[in-house]
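Spelled out, the chains give:
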Amino acid sequence: MEPRHTISVWVENIPGVLSRVTGLFSGRGFNIESLCVAETMDPEVSRITLVTSGDEQIIEQIIKQLRKLINTIRVVDLSELDHVEREMALVTIKAEDKSRAEVLRIADIFRCRVVDVSPSTYTLEITGNHEKLEAVLGLLKLHGILDVVRSGALAIQRSKKE
Amino acid sequence: MTKKMTGAQIFMECLKREGVKHIFGYPGGVVLDIYDELTRQPDIHHILVRHEQAAAHAADGYARASGKVGVALVTSGPGATNTVTGIASAYMDSIPIVVFTGQVPTALIGNDAFQEVDIVGITRPCTKHNYLVKDINRLAYTIHEAFHIARSGRPGPVLVDLPKDVIQASTVPKFPEEIKIKSYNPTYHANPRQVKRALEMILSAKKPVLYTGGGIILSNAAEELTEFARALQIPVTSTLMGLGGFPGDDPRWMGMLGMHGTYCANMAVANADVLIAVGARFDDRVTGKLSEFAPHAKIVHIDIDPSSISKNVVVDVPIVGDCRDALTQLNELLKDKPHRDMTTVWGQWLDTVEDWEKKHPLTYTWSDTTIKPQYVVEKLWELTKGEAYITTEVGQNQMWAAQFYKFKYPRRLMTSGGLGAMGYGFPAAMGVQMAKPDAIVIDIAGDGSIQMNIQEMITVVENNLPVKVAILNNSFLGMVRQWQQLFYERRYSATPMVAPDFVKLAEAYGAVGLMATRPEEVEPVIKEALNTPRPVIMDFRVEPEECVMPMVPAGKATTEMLLA
Ligand SMILES: Cc1ncc(C[n+]2csc(CCOP(=O)(O)OP(=O)(O)O)c2C)c(N)n1
Ligand SMILES: [Mg+2]
C-alpha cells in the first residue's frame, strides 16, 4: 500500500470548481479515497479535504496540478505537518436480546453516540481517525451491520505549542 | 462610460481593448446578436471559416506567428463541439487562444434545449481555464480575465461560453483596467540562487547538452538562448515545438531529438553529463524509454510551469520561471564572471558530437525517377531561403518538414505537436497569413491530412490569402503505413489512401493547382507557386513507401534507433 496523504485545498467558492478538482484526478489517473467540501468562514472560499495515496513523485504531481487550477488558492499536504484528522460514520447494527448490551458496550468503549434506537437495532455515530473507524466497524460487523454511511476525512493543522 | 450597452456591444468593446483585429468564426442562432453587432465594427475583421475546427486552428496559427492571442467565435452545440480538436491541440502546445461559444439562454441551460451542449464541461480538461458567463455584469471582467489567463504564465486556450440572453441584455458596463486573481500568480522571475547553481553545474560539466522546447518560442527567448549557447559553445538540440529557437545553420545545432531526431542529438543526450532542459517537458516522443533517457546526466530544468518539473524525470536543479528571464540571468552571470574558453575545455566532447553528426547525418537516397519527399522539403527551404512560415499537417510530412526545413527563426514553424491533429496545418496557415499578410506561408501537407480541412480552400480564396499547400502525396496515410511496414509485416490495413485530383480541386475552388511527378519538375513547380500571388496547391507525387528515418521504435531507448 502506498502512503496515504491528506491534502487541504482552498478554492474559490464558485460553480464548477469541484468538478475541476475531481476531473483532474480522474483525467490523470490519480486516485481519491475520500473528499469533503464546505464553505470556510469566508463565504467566497471553500475548503476541500481530500485523501489520496501515491509515491512521492505522484503526490508532488497531485499538489502541483491542484495548484495549477486557476480557482485554487492554496494547497497544503497536511500529512507533512502535525495535524488532527477525523472521520465520521453512522451505522445501524442489528441488536437483539443479548447482543443489545454488547453493542452498547462497544459504543461506550469507543465513545460512540447512540443516535437512534429501535427494538431490534441501534444506530451509532462514530467519530475518530481512519484507524479507529476501521476498528469499530470491524467489531460491529460481527453483530451484523444493516446500514452504514461514512464521511471523508476532515483534517486541520495543530497549533504551535509554545 | 455611463452609457448602457448590450452584451454584444460589450463583447466588441472588450475585443478592441484587448487589441483584437481578427477573429475566425462561424455564426448560428445564439450568436446572431454578436454577428449583428459585427456589422457596426469596422475595426474588427471577421474571417468566415467553413468548419469551426478550422476557426480554432486558424486562431492558433495566428497566435503562434504573431505572438498575440488568437480569437475564435462560434455558435452553441455543434459549433462549439467542432472546436474541441482545435482547443485540445492549442492546449497541448500551450498556445494562447480565446474561443467564444454561444450558449442557449440561461433559463434553458440544463434542459437539453436545441443546440445545447455543456461545452464548459466538455472542454474542462483541454482548456487552461473556461467560463460560463451568467450575468452581463460579469461579462467585461470575464473577457479581460480570459485574455489575461490565455497569454500569461504557461499560455493556453481559454473558452468563454456566452448564453444568448446575456448577449442580448444591457447594462452600464465597467471595463476593468487591471486584473488581480488571488489564486493565479505565475512565477516569471527565476530564483537567482537556483540560476547560479545551474550555471555552476553547467561550467563544471564535461559533456553538456542544451535541450530546448516550445517554451523558448512562447517566451520569446530565442535570442537569449542563442547568446547563451554561443557564449559557452554548448551543443543544442530541441523538440519539435522548439525548432527555430536556435538557428538551424549554427555549427552547434544538432537537429531535433527524440523518435525522429538525429543520431547526433540522441547520442549526445544519451552521453551527456549535464542536460539543460529549457522550456521542454520530457514528452514520451522525446525521451523514448524513460529509464534510459540521459542516464548519466544531472538535469537542470527551466520551466514556467512547476507541474512540468519532475513530472516524468527527476530533476537536480529545478528552476521555475520564464525561460527568457532565466536565460537573461545566465547571460548576465556569464558577463560578470570571466570563464575559460569552453571550446578548449569541452574540445573532446565537441569533437565527439561532430563525429556523430558526420557519421549519420540526416539523409535520404536520391532517385532520378521518383520524387523523394525530403527533396521537396529541401527545395522549399532553398527556394524560400529558409525564411517562410511553415505549417505542417501530421505524419511523415510533419517529420520531414521538421528535419529538412532548417528553421532559422522562432515562430516560423506551426505544427500540432502535442495532440498531433491531422487537419491542423491548412487552417493554421490561414491564420498565419492573416497575421503576416506579406509573408510566404506554406502548409507542408500529406494527402490524407489535407483532406481533413480541405474545405478551407474557399476561405483562403475568398479572403485573398495566398497560402501555399505542398502536398507530399504518397497515396498513403504514410506514417501509419510506416509502422505497418516496419512492425506489422507490411499488412497495409486501411492506410492506402485514394485522393481526389488536387489540381482540379484547387481550380474548382478558384485557386491554382500544380503537379509534379518527376524530380526535375519539383523546382519549377515551387518557383511557379512562389511567384503566384494567390492560393496554390502543389501536388508532389512522391515515393509511396519512403520511411522517416532515423526512427526510435516506441518504448525503445533513443540510442536504439533505426537508421535506414
Ligand atoms: C485526426 C487524426 N486522426 C488520425 C491520426 C493518426 N495518424 C497519424 S499520422 C497519420 C497519417 C497521415 O497521413 P498523411 O496526411 O497522408 O501524411 P503522411 O504521413 O503520408 O505524410 C494518421 C492517420 C491523427 N494523427 N490525427
Ligand atoms: Mg500521405
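What you are looking at is a predicted structure, and each value in this text was computed from that prediction instead of being measured. (Residues numbered from 1 in each chain as written. Chains lettered and ligands numbered in written order. Predicted model: local features only at pLDDT ≥ 70, side-chain atom pairs only at ≥ 80, totals over all residues. Heavy atoms only, no water.)

**Q** Just checking my understanding: could you explain the coordination of the magnesium ion (ligand 2) for this structure?
**A** Six octahedral donors around a metal ideally make angles of 90 or 180 degrees; four tetrahedral donors ideally make 109.5 degrees. Residues and elements named next belong to chain B. Bound to the magnesium ion (ligand 2) are the protein donor atoms Asp447 (OD), Asn474 (OD1) and Phe476 (O), situated 2.0 to 2.1 Å from the metal. Summarised as a motif, the one-chain spacing of the donors to the magnesium ion (ligand 2) is D-x26-N-x1-F. Of the two residues, aspartate 447 sits in the loop between β17 (441-446) and α20 (457-462) while asparagine 474 sits in the loop between β18 (468-473) and α21 (478-487), which places them 27 residues apart along the sequence. For asparagine 474, a relative accessible area of 5% corresponds to the buried category. (Donors = N, O, S within 2.8 Å, 3.2 Å for Na, K, Ca; no water. Helix = DSSP H or I, 4+ residues; strand = E, 2+ residues; numbered from the N terminus. Buried < 20%, exposed > 50% of the residue type's maximum accessible area, 1.4 Å probe, protein only.)

**Q** What is the right way to read the environment of methionine 254 of chain B from this model?
**A** Residue and element names in this part refer to chain B. Secondary-structure assignment places methionine 254 in strand β11 (residues 253-256). According to the relative accessible area criterion, methionine 254 is buried, its value standing at 3%. Excluding anything up to four places from it in sequence, methionine 254 contacts Val209, Pro235, Val236, Thr237, Thr262, Cys264, Ala265, Ala268, Val353 and Glu357. (Contact = heavy atoms within 4.5 Å.)

**Q** Explain the pattern of salt bridges to me, please; I cannot follow it from the model alone.
**A** Oppositely charged side chains are able to pair whenever their charged atoms sit close together. All told, the structure shown has 35 salt bridges over all chains when counted by the stated rule. Close ionic contact of glutamate 125 of chain A with arginine 113 of chain A constitutes a salt bridge, the shortest N to O distance being 3.5 Å. Placement of the pair is glutamate 125 of chain A in strand β7 (residues 121-128) and arginine 113 of chain A in strand β6 (residues 113-118), with a sequence separation of twelve residues. Residue classification places arginine 113 of chain A among the exposed residues on the basis of a relative accessible area of 53%. A salt bridge links lysine 335 of chain B to glutamate 227 of chain B, with the shortest nitrogen-to-oxygen separation between them at 3.9 Å. Of this pair, lysine 335 of chain B sits in helix α14 (residues 323-336) while glutamate 227 of chain B sits in helix α11 (residues 222-232), placing them 108 residues apart in sequence. On the basis of relative accessibility, which here comes to 38%, the residue glutamate 227 of chain B falls in the partly exposed class. One salt-bridge network, in which partners are shared between bridges, spans Arg4, Glu33, Glu87, Glu134 and Arg150 of chain A. (Salt bridge = Lys/Arg side-chain N within 4 Å of Asp/Glu carboxyl O.)

**Q** Help me out: how do you make sense of the nonpolar core in this one?
**A** Inside soluble globular proteins, nonpolar side chains tend to come together where they are buried. Residue and element names in this part refer to chain B. Judged by nonpolar contacts, the single largest core of 99 residues is most densely connected at Leu210, Phe228, Leu232, Leu275, Met538 and Phe540. When residues of this core are assigned to domains, at least three fall in each of domain 2 (192-359) and domain 3 (373-541). With sequence-adjacent residues up to four places away left out, methionine 538 is seen in contact with Lys468, Val469, Ala470, Ile471, Leu514, Val525, Ile526 and Ala529. Grouped together as the second largest cluster of nonpolar side chains are 47 residues, Val49, Ala63, Ala90 and Met434 included. (Core = buried A, V, L, I, M, F, W, Y, C linked by side-chain atoms within 4.5 Å. Domains from an automatic or database assignment.)

**Q** Hey, could you run me through the sheet that holds strand β3 (residues 45-53) of chain A in this one?
**A** Two strands in a sheet stick together by hydrogen bonds in their backbones, pointing the same way (parallel) or opposite ways (antiparallel). Residues and elements named next belong to chain A. With respect to topology, four strands assemble into an open sheet ordered β2-β3-β1-β4, the strand pairing being antiparallel. The strands lining the two open edges of the sheet, one partner per strand, are β2 (34-39) and β4 (72-77). Going across the sheet, the axis of each strand differs from the next one's by a mean of 15 degrees, ignoring polarity. Of the pairings in the sheet, the one linking strand β1 (residues 4-12) to β3 comprises nine bridges and is antiparallel in character. When the sheet's bridge partners are listed, serine 8 is paired in β3 with threonine 49. Strand contacts of helix α1 (residues 17-27): β1, β2 and β3, with the helix running at about 15 degrees to β3, the strand carrying the most contacts. (Pairing = 2+ DSSP bridges. Axes fitted to C-alpha atoms, helices over the stretch in contact; angles between N-to-C directions.)

**Q** What should I look at first to understand a negative patch on the surface in this one?
**A** All names here are of chain A. A cluster of acidic side chains, namely Glu2, Asp55, Glu56 and Glu80, defines a negative patch on the protein surface. The topology assignment puts glutamate 80 in the loop between β4 and β5 (83-94). We classify glutamate 80 as exposed; its relative accessible area is 60%. (Patch = residues over 30% accessible without salt bridge, like charges linked within 9 Å, V, L, I, M, F, W, Y side chains within 5 Å. Areas by Shrake-Rupley, 256 points an atom, 1.4 Å probe, with all protein chains shown as cover. Lys, Arg positive; Asp, Glu negative; His and termini not counted. Charge placed at Lys NZ, Arg CZ, Asp CG, Glu CD.)

**Q** I would appreciate a short explanation of the packing of helix α3 (residues 52-66) of chain B against helix α5 (residues 84-92) of chain B in the present structure.
**A** Packed helices, taken two at a time, are described by the angle between their axes plus the distance between the axes. Residue and element names in this part refer to chain B. In contact at an axis separation of 7 Å, α3 and α5 are set at 25 degrees when each is read in the N-to-C sense. The orientation of α3 relative to α5 falls into the category roughly parallel. Of the residues in α5, those in contact with Gln53, Ala56, His57 and Asp60 of α3 are Thr85, Gly86, Ile87, Ser89 and Ala90. Broken down by class, the residue content of the contact of α3 with α5 amounts to three nonpolar, five polar and one charged. (Parallel < 35°, antiparallel > 145°, perpendicular 65-115°, else oblique. Nonpolar A, V, L, I, M, F, W, Y, C, P; charged D, E, K, R; others polar.)

**Q** Any chance you could explain unusual backbone geometry here in plain terms?
**A** Excluding glycine, most residues fall at negative phi; most peptide bonds, likewise, are trans. Residue and element names in this part refer to chain B. A cis amide bond links methionine 549 to the next residue, proline 550, at an omega of -5 degrees. Positionally, proline 550 belongs in the segment after β20 (536-541). Despite not being glycine, serine 94 has its phi angle at roughly 55 degrees, a positive value. As for its position among the elements, serine 94 is in the loop between α5 and β5 (97-103). With a phi close to 55 degrees, glutamine 115 is a non-glycine residue in the positive phi region.

**Q** I would appreciate a short explanation of the site of ligand 1 in the present structure.
**A** Residues and elements named next belong to chain B. As a structural note, the neighbourhood of ligand 1 is formed by 17 residues, with Gln396, Gly420, Gly448, Ser449 and Gly478 the closest of them. A distance of 2.7 Å is found between an oxygen atom of ligand 1 and a backbone nitrogen or oxygen belonging to glycine 478. Contact with the protein chains removes 76% of the 590 Å² of surface that ligand 1 exposes when unbound. At the level of secondary structure, the elements contributing two or more residues to the shell around ligand 1 comprise α18 (396-404) and α21. (Near = heavy atom within 4 Å. Polar contact = N/O pair within 3.5 Å; in protein donor to acceptor, adjacent residues only side chain to side chain.)

**Q** Explain the packing of α11 of chain B against α14 of chain B here, please?
**A** Residues and elements named next belong to chain B. Viewed as axis vectors pointing N to C, α11 and α14 meet at an angle of 35 degrees, and their least axial separation amounts to 9 Å. Like other packed secondary-structure pairs, α11 and α14 cross with a definite hand, here left-handed. Along its contact with α11, which presents Glu224, Leu225, Glu227, Phe228, Ala231 and Leu232, the element α14 presents Arg324, Leu327, Thr328, Leu330, Asn331, Leu334 and Lys335. Here the residues of the contact of α11 with α14 sort into seven nonpolar, two polar and four charged. (Left-handed = near helix turned anticlockwise from the far one by under 90°.)

**Q** Teacher, can you tell me more about the environment of proline 105 of chain B here?
**A** Residue and element names in this part refer to chain B. Along the chain, proline 105 falls in the loop between β5 and α6 (119-123). Proline 105 gets classed as partly exposed once you look at its relative accessible area, which sits at 26%. Separated by 122 residues in sequence, proline 105 and glutamate 227 have C-alpha atoms that sit 54 Å apart. Apart from residues no more than four positions distant in its own chain, proline 105 is found in contact with Pro163, Lys164 and Asp165.

**Q** Which parts of the structure should I look at to understand the interface of chain A and chain B?
**A** A common measure of how large an interface is: the accessible area buried when the components associate. Each side of the interface is counted separately: chain A has 18 residues, and chain B has 19 residues. Both sides together, the interface formed by chain A and chain B hides about 1,500 Å², and carbon and sulfur atoms give 47% of it. Area buried by chain A at its contact with chain B is led by Arg20, Gln57 and Ile70 of chain A, which between them contribute 43% of it. The tally of links between chain A and chain B comes to one salt bridge. The partner of aspartate 305 of chain B in a salt bridge is lysine 68 of chain A, and the shortest N-O contact between them spans 2.7 Å. Linking chain A with chain B are eleven residue pairs in polar contact (both at pLDDT 80 or more). Contributions of two or more residues to the side of chain A that touches chain B are made by α1, α2 (56-68) and β4 of chain A. Residue contributions to the side of chain A that touches chain B peak at six residues, all from α2 of chain A. Across the side of chain A that touches chain B, the residue classes tally to four nonpolar, seven polar and seven charged. (Buried area = accessible area lost by both parts, 1.4 Å probe.)

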